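Okay, here's what each chain looks like letter by letter:
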Amino acid sequence: QTPPSKAKIDAEVIRLQAEEDAQAYARNRQAEYPTIEELTIALYDTDDKAALEAKRAAIKKKWPKDNSGPVE
């Protein structure tokens, strides 16, 4: 086997970086989303569920999928 050329390696690095950058919004959202404990409590309390849904909506608005966030 012949090793890949430097150009092929560079192209793959660029592709992988673009893929990583495209998911930045997801990592930012994950850091701010409610904890498992908060989710569990919200399953049994209507007021907590409404607050949790509002919090998640605010996070999604702050970190849009087009990676233009944070949007305050």
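Residues numbered from 1 in each chain as written. Predicted model: local features only at pLDDT ≥ 70, side-chain atom pairs only at ≥ 80, totals over all residues. Heavy atoms only, no water.

## So, the packing of aromatic side chains
Each aromatic ring pair is summarised here by two numbers: the centre-to-centre distance and the angle between the ring planes. Note the cut-off: Geometry of aromatic contacts follows a simple scheme: Phe, Tyr and Trp rings, the Trp one being its six-membered ring, pair when their centres are within 6.5 Å, and the pair is stacked under 30 degrees between planes, edge-to-face over 60, tilted otherwise. Note on geometry: a ring has a charge over it if NZ (lysine) or CZ (arginine) is within 6 Å of the ring centre and within 35 degrees of the ring normal.
Counted according to the given criterion, the structure contains zero aromatic pairs. Looking at R56, its charged tip hangs above the ring of Y33, at a distance of 5.0 Å from the centre.

## Focus on the pattern of salt bridges
Test applied: Each salt bridge in this description consists of a side-chain nitrogen of Lys or Arg and a carboxyl oxygen of Asp or Glu lying within 4 Å of one another. Helix and strand definitions follow DSSP, with helices as H or I runs of at least four residues and strands as E runs of at least two, each counted in order from the N terminus. Buried residues are those whose accessible area, probed at 1.4 Å on protein chains only, stays under 20% of the maximum for their type, while exposed residues exceed 50% and partly exposed ones sit between those limits.
According to the stated counting rule, one finds six salt bridges in the structure shown. We note a salt bridge from R15 to E12, for which the minimum N-O separation is 2.6 Å. Highlighted residues: R15 and E12, both in helix α1 (residues 6-22), separated by three residues, approximately one helical turn. Taking the relative accessible area as the measure of exposure, R15 reaches 41% and is therefore partly exposed. For E12, a relative accessible area of 34% gives the class partly exposed. Here R15 makes a salt bridge to E19, at a shortest N to O gap of 3.0 Å. Taken as a pair, R15 and E19 lie in helix α1 at a separation of four residues, close to a single helical turn.

## Remarks on the confidence of the model for the chain
Counted only if it meets this: The quantity called pLDDT is the predictor's confidence in a given residue, expressed from 0 to 100.
Taken as a whole, the chain shows an average pLDDT of 92; of its residues, 100% reach a score of 70 or greater. Mean pLDDT across the elements of the chain bottoms out in helix α3 (residues 36-44) (88) and peaks in α1 (96).

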